[in-house]
Every structure is written in structure tokens, then in C-alpha cells.
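One letter stands for each residue in the lines below.
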Amino acid sequence: MSEGREQDQPEEREGASRPVTAAARRERRGSVRPAGRKDSVEAAKPAEADSDAQEGRKGRPTRSRADSEKRVGFFARIVRYIREVVSELRKVIWPTRKQMITYTGVVLVFVAFMVALVFGLDSAFAWGMFRVFG
């Protein structure tokens, strides 16, 4: 039974292969993150921080808004905006060339079908109006 599963999912056997679907990429990206990271951060906390967390208190107060919000210049805001846009674009899972060709073909076929449908209905209604009002 495990032999059949290995044949169904070759990307698990080959570490260097690239996942094909977006869901597989998200799953792989999630599995690449280190699992023990949270434990190592908690192990580095002192014991009194754990007792504060158990009592419902947090370790440090929240920064005031006046400290965090300084009025920045126009160009600094533009640069920050561009950096944020670039960081968001890095998160995008871009389609491969084969997927783009497939998606383009599907869209073109759908548009051609809709044009034919509208043309057919328009012609039928025009013929009907010509017959009735002639």
C-alpha cells in the first residue's frame, strides 16, 4: 500500500522537485518552516515571564501611539509604499508558462462562446421582430 502512495506523490520522494499546484506549494512552504522554533523561543524566556503569562499579565506594556507614529516625509512614504508592494508581490504564487497558456485558452474559448451566444440571440430576436412588425 505504501508503494502505491510513493508512485502517486513523487514530489515527496524528490526533495528538489517543484510542486505543480498552488495548494501543494502552500503545503510545502508550511512544512519547510522549522517546527521547533516556538519551543526554542519559549525555552529562552525566563521563568518569571511564564508566571506573568499564567497570571494573565503581559511581559511589557504596549508602546504609545505618539512614540510609534512620527510624521514622515513624502518621499519616505513613497519608498515605504514601494517596499511593501514588493514584499507583497514576493508572496504571490505566480503561474507557470503552461498554466498561463491553459488559462488564456480557457478565457478565449469562453469569450468566443459568449460572443456566439449573444450573436445568436440577437439574430433570433431581430428575426422575430421583423416577422411580428415586418
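Calculation criteria
Residues numbered from 1 in each chain as written. Predicted model: local features only at pLDDT ≥ 70, side-chain atom pairs only at ≥ 80, totals over all residues. Heavy atoms only, no water. Helix = DSSP H or I, 4+ residues; strand = E, 2+ residues; numbered from the N terminus. Buried < 20%, exposed > 50% of the residue type's maximum accessible area, 1.4 Å probe, protein only. Areas by Shrake-Rupley, 256 points an atom, 1.4 Å probe, with all protein chains shown as cover. pLDDT = per-residue confidence, 0-100. Phe/Tyr/Trp six-rings, centres within 6.5 Å; stacked < 30°, edge-to-face > 60°. Salt bridge = Lys/Arg side-chain N within 4 Å of Asp/Glu carboxyl O. Contact = heavy atoms within 4.5 Å.

Asker: Help me understand the overall build of the chain, please; the structure alone is not making it clear to me.
Answerer: Broken down by element type, the chain carries eight helices and zero strands. N-terminal to C-terminal, the α/β element order of the chain is α-α-α-α-α-α-α-α. In the chain, buried positions account for 4% of the 134 residues. Accessible surface, the chain: about 13,000 Å² in total, of which carbon and sulfur atoms supply 60%.

Asker: Before we go on, may I ask you to explain the confidence of the model for the chain in this structure?
Answerer: Atomic detail in the predicted coordinates should be set aside for any region of low pLDDT. For the chain, per-residue confidence averages 77 on the pLDDT scale, and residues scoring 70 or more make up 62% of the total. Ranking the elements of the chain by mean pLDDT puts helix α2 (residues 10–13) last with 50 and helix α8 (residues 97–133) first with 97.

Asker: Explain the packing of aromatic side chains to me, please; I cannot follow it from the model alone.
Answerer: Remark: the centre distance and the inter-plane angle together describe each pair of aromatic rings, the angle taken between the planes. Summed over the entire model, instances satisfying the criterion amount to one aromatic pair. For the ring pair F74 and F75, a centre distance of 5.5 Å and an interplane angle of 75° mean the geometry is edge-to-face. Using a relative accessible area of 67% as the deciding quantity, one classes F75 as exposed.

Asker: What is the right way to read the pattern of salt bridges from this model?
Answerer: When charged atoms on two side chains of opposite charge get close, those side chains can pair. By the definition in use, this model includes one salt bridge. E88 serves as the salt-bridge partner of K91, at 3.1 Å between the closest nitrogen and oxygen. On the criterion of helical spacing, the pair formed by K91 and E88 is a turn pair, its members being three residues apart in helix α7 (residues 74–91). On the accessibility criterion, K91 (55% relative accessible area) is exposed.

Asker: Can you help me understand the side chain of Q99 in this one?
Answerer: With respect to the secondary-structure elements, Q99 resides in helix α8. Filtering out sequence-adjacent residues up to four positions away, Q99 remains in contact with V20 and R25.

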